[in-house]
Amino acid sequence: MVLKVFFPSCCSSADSGILIGRWISEQNSAVILAVVHFPFIPVQVKQYLGEVQRVTKVSVSVLGSWSNSKQEKEESLSEFLEDLGTIFCHEPWIQISKEGDSKFWSCSTLQKHSKNPQEEEIILVYYDQRKVMLSHLHPPLDTAGQRAEDASKLSAIFETVARSQVLFMTDRYDEGPIKLTHWQSDGVEASILVELMKQISVPACMLLSFLLSLLSGICRSRVLKFWPLSFLRSKLSTCEQLGHRLQHLQVISSNKKAQNQNQLMRKANIFVSLLIDVALGILLMSWLYRKNRIGHLADTLIPVADHVAEELQDLLQWLMGAPAGLKMNRALDQVLGRFFLYHIHLWISYIHLLSPFIEMILWYVGLSACLGLTVALCILSDIIALLTFHIYCFYVYGARLYCLKIYGLSSLWRLFRGKKWNVLRQRVDSCSYDLDQLFIGTLLFTILLFLLPTTALYYLVFTLLRLLVVIVQGLIHLLVDLIDSLPLYSLILRLCRSYRLAAGVKFRVLEQQDGKPLRLLMQINPLSYGGVVQTYRLPTYSCYPKDSWASLCKKLFLGELIYPWKHKGEKQN
């Protein structure tokens, strides 16, 4: 049979002693966890391993001996290490010896109590104990009393190392009777700042959760469910983003412990996303309030609005003539043109009425950047929607008029073919019409058909203007969704400590020598950056309906309205 010995690379320079670890009989494998140095008392070693086994629920035992001939060159040492097998009674007793600085070690097994001892082929697998411990390729630690159904999986090795965390909490500076060598033997990895933040985070999370519960209670109050406030909440993207961030804060301040790696990474990603969002918002706020940039922005806003209104007036004057040499219905053209010109006049009056208050409004809006860059971007999107409200009105008027004519023409076309739309059965049925009905239908069809080009031209122009505004708002919300959903903590972890986001393992064959065991190096395969984004991406709300190009073109042809926000009751991931 083949015996696999998983040896930690951190113990390759350890002093001579005994090997402690776990024997996995189903795989015929030995997982070495640490080396116990001389001198020691066997009874104390057995008591210590019993305590470790009681805490970790891992059958830790003495598996063999380790000889580093760089420190000891006495022949009696090898005999003494063989005699330790009779004290600790483990079959097979593994003997690993290192000669000087040689890369090729001697590895053998002893089976004193076996009647038919067999020579086994040994494979020595080196692994980085620190990376295996922190790679999270093992089952969740809250299932300590459960065993894996398939013991032949490689996760048993990772599970053994992960559950033996108590064994790695002792270092060489401890005054205990047992000295160990493992990945933390030079000192337990810790940070004073991390420990202080852990102590501070408990009362801070309790206070934050209390404040958030009050805020969420106010948001769920009946006052905010009445028509004007509920309508504004459903249409303004700022309210959607604030509600989204409120959910994020509730997740962070929750007292529930993360059950698995995905929940822990989700909390960390949300926390880092909030920190970066607020930091960028404060930078934007400091930039706005420096050198009176808000005053300059307010001074340029009115001229820009006037310029846009003048361009729209010129466009309407062009449409009221002979646009691109097209022959339009003059009466309908003049009526539509004057109707839209009157709305532009009302819009200019509305802008100039608000001009004394614009700087004060922008000053208070700039303070909202302290809530995060995403909130500031959502407010910018809402401001664009308010400033282009007249374009939206033009689009709605043109779309409704165009839609009315399209559906009228389709209904009259069915009349010519002797068909009608059955409302109850939701289908087209045959129908017989008399002469008067056909005559009136012909007149109406002719009138609508000759008026359609004029209406379609206005609809096309205002739809293009509306799509331009929607594209600008869409780019803003794409940036907001990118900040909200990008797993920044996972990406930083992938860049700095890629083994923390492991996708699997690979084995590399090391240099071999005749008469020596086969040597393999177990390495951690990290997730790709695309896999990190796909696995740990945060859910976001979407302000724009995710229609296909065919569906969008169908809506534009039929004159259906395109909303730049999520409809109430529509759930989008």
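No experiment lies behind these values; they were computed from the predicted model shown.

Some details on the overall build of the protein chain
Looking only at helices and strands, one finds 17 helices and twelve strands in the protein chain. Across the 573 residues that make up the protein chain, the buried fraction comes to 40%. Of the roughly 33,300 Å² of accessible surface on the protein chain, 63% is carried by carbon and sulfur atoms.

Some words on helix α12 (residues 373–387)
End to end, α12 covers 21 Å across 15 residues, agreeing with the expected 21 Å (1.5 Å per residue, within 8%). What α12 keeps buried is the set Leu 373, Thr 374, Val 375, Ala 376, Leu 377, Cys 378, Ile 379, Ser 381, Asp 382 and Ile 384. Close packing links the buried residues of α12 with α7 (237–252), α8 (261–288), α11 (358–367) and α14 (435–485).

A closer look at the pattern of salt bridges
Tallied over the full model, the rule gives four salt bridges. Between Arg 245 and Asp 484 there is a salt bridge, with its nearest N and O atoms 2.8 Å apart. Taken together, the residues Arg 245 in helix α7 and Asp 484 in helix α14 connect sequence positions 239 residues apart. For the salt bridge of Arg 427 with Asp 429, the shortest nitrogen-to-oxygen distance reads 2.9 Å. A residue is classified by how much of its surface remains accessible, and Arg 427, at 42% relative accessible area, is partly exposed. What makes Asp 429 buried here is its relative accessible area of 17%.

Side note on the packing of α7 against α14
It is the contact of α7 with α14, at a shortest axis distance of 13 Å, that shows an interaxial angle of 5 degrees. By the angle between their directions, the pair α7 and α14 is classed as roughly parallel. Contact residues: Ser 237, Gln 241, His 244, Arg 245 and His 248 in α7; His 477, Val 480, Ile 483 and Asp 484 in α14. The residue makeup of the contact of α7 with α14, split by class, is two nonpolar, five polar and two charged.

Some thoughts on the nonpolar core
Counting residues in hydrophobic clusters, the biggest one holds 39 residues, and the most contacted among them are Val 45 and Leu 167. The next biggest cluster of nonpolar side chains, apart from the first, holds 25 residues, and it includes Leu 316, Met 328, Leu 377 and Ile 384.

Things to note about the UniProt feature "transmembrane region" (unreviewed entry) in the protein chain
The residues that UniProt annotates with the feature "transmembrane region" (unreviewed entry) are residues 200–219, 270–289, 335–354, 361–388, 394–416, 437–461 and 467–492. For residues 361–388, the end-to-end C-alpha separation is 17 Å, with 79% helix and 0% strand making up the annotated structure. Its end C-alpha atoms 33 Å apart, residues 394–416 is made of 100% helix and 0% strand.

Quick word on the packing of aromatic side chains
Taken as a whole and judged by the stated rule, the model has 17 aromatic pairs. Residues Trp 105 and Tyr 126 carry aromatic rings whose centres are separated by 5.2 Å and whose planes lie at 80 degrees to one another, so their mutual orientation is edge-to-face. You can see Trp 105 sitting in the loop between β5 (93–98) and β6 (106–110) and its partner Tyr 126 sitting in strand β7 (residues 121–127), a full 21 residues away along the chain. Tyr 126 carries the same exposure label as Trp 105, and that label is buried. Here Phe 340 and Phe 462 contribute two aromatic rings whose centre-to-centre distance is 4.7 Å and whose plane-to-plane angle is 65 degrees, an arrangement assigned as edge-to-face. Taken together, the residues Phe 340 in helix α10 (residues 330–354) and Phe 462 in helix α14 connect sequence positions 122 residues apart. Using a relative accessible area of 2% as the deciding quantity, one classes Phe 340 as buried. Arg 494 extends its terminal NZ or CZ atom over the ring of Tyr 529, reaching a point 4.6 Å from the ring centre.

Quick notes on the confidence of the model for the protein chain
Confidence in the prediction of the protein chain, expressed as mean pLDDT, is 79, and 80% of residues score 70 or more. Overall, residues 143–152 carries pLDDT values under 50, and its contacts beyond four positions in sequence, including any with other chains, amount to eight contacts. Note that pLDDT drops below 50 for residues 565–573; the model gives that stretch 16 contacts with residues more than four away or on any other chain.

Quick word on the environment of Thr 446
Topologically, Thr 446 is positioned in helix α14. For the pair Thr 446 and Leu 412, spaced 34 residues apart in sequence, the C-alpha to C-alpha distance is 9.9 Å.

Observations regarding unusual backbone geometry
Non-glycine residue Asn 28 carries a positive phi angle of around 55 degrees. Within the element layout of this structure, Asn 28 appears in the loop between β2 (17–24) and β3 (29–37). Positive phi, close to 55 degrees, is recorded for Asn 292, a residue that is not glycine. Relative to the helices and strands, Asn 292 resides in the loop between α8 and α9 (293–319). Exposure remark for Asn 292: the relative accessible area of 48% places this residue in the partly exposed category.

Considering helix α1 (residues 42–56)
Helix length check: α1 (15 residues) gives 21 Å between terminal C-alpha atoms against 21 Å at 1.5 Å per residue, within 8%. Restricting attention to buried positions, one finds in α1 the residues Val 45, Tyr 48, Leu 49, Val 52 and Thr 56. The buried residues of α1 occupy an angular sector of 95 degrees when the element is viewed end-on, so they sit on one face. Relative to its buried face, α1 has exposed residues pointing more than 90 degrees away, namely Val 43, Gln 47 and Arg 54.

Examining the packing of α9 against α14
Taken N-terminus to C-terminus, the directions of α9 and α14 make an angle of 160 degrees; their axes are 11 Å apart at the nearest point. Considering their axes alone, α9 and α14 lie roughly antiparallel with respect to each other. Between α9 and α14 the crossing geometry is right-handed. Between α9 and α14, the residues in contact are Leu 312, Leu 315, Leu 316 and Leu 319 and Leu 457, Tyr 458, Val 461, Phe 462 and Leu 465, respectively.

As for the pairing of strand β9 (residues 419–422)
Bridge count for β9 against strand β10 (residues 427–430) is four bridges, and the pairing is antiparallel. Paired with Asn 422 across the bridge in β10 is Arg 427. Counted between consecutive antiparallel strands, the loop separating β9 from β10 contains four residues, among which Gln 426 sits at a positive phi close to 55 degrees.

Here we look at the side chain of Ser 16
For Ser 16, the position within the fold is in the loop between β1 (2–8) and β2. Among the residues examined, Ser 16 registers a relative accessible area of 5% and is labelled buried. A polar contact is formed between the side chain of Ser 16 and the backbone nitrogen of Asn 68, at a distance of 2.9 Å.

Definitions and cut-offs
Residues numbered from 1 in each chain as written. Predicted model: local features only at pLDDT ≥ 70, side-chain atom pairs only at ≥ 80, totals over all residues. Heavy atoms only, no water. Helix = DSSP H or I, 4+ residues; strand = E, 2+ residues; numbered from the N terminus. Buried < 20%, exposed > 50% of the residue type's maximum accessible area, 1.4 Å probe, protein only. Areas by Shrake-Rupley, 256 points an atom, 1.4 Å probe, with all protein chains shown as cover. Expected span 1.5 Å × (residues − 1). Contact = heavy atoms within 4.5 Å. Salt bridge = Lys/Arg side-chain N within 4 Å of Asp/Glu carboxyl O. Axes fitted to C-alpha atoms, helices over the stretch in contact; angles between N-to-C directions. Parallel < 35°, antiparallel > 145°, perpendicular 65-115°, else oblique. Nonpolar A, V, L, I, M, F, W, Y, C, P; charged D, E, K, R; others polar. Core = buried A, V, L, I, M, F, W, Y, C linked by side-chain atoms within 4.5 Å. UniProt positions renumbered as here; feature names shortened; annotations may be inferred. Phe/Tyr/Trp six-rings, centres within 6.5 Å; stacked < 30°, edge-to-face > 60°. Lys NZ or Arg CZ within 6 Å of the ring centre and 35° of its normal. pLDDT = per-residue confidence, 0-100. Arc of directions from axis to C-beta. Left-handed = near helix turned anticlockwise from the far one by under 90°. Pairing = 2+ DSSP bridges. Polar contact = N/O pair within 3.5 Å; in protein donor to acceptor, adjacent residues only side chain to side chain.

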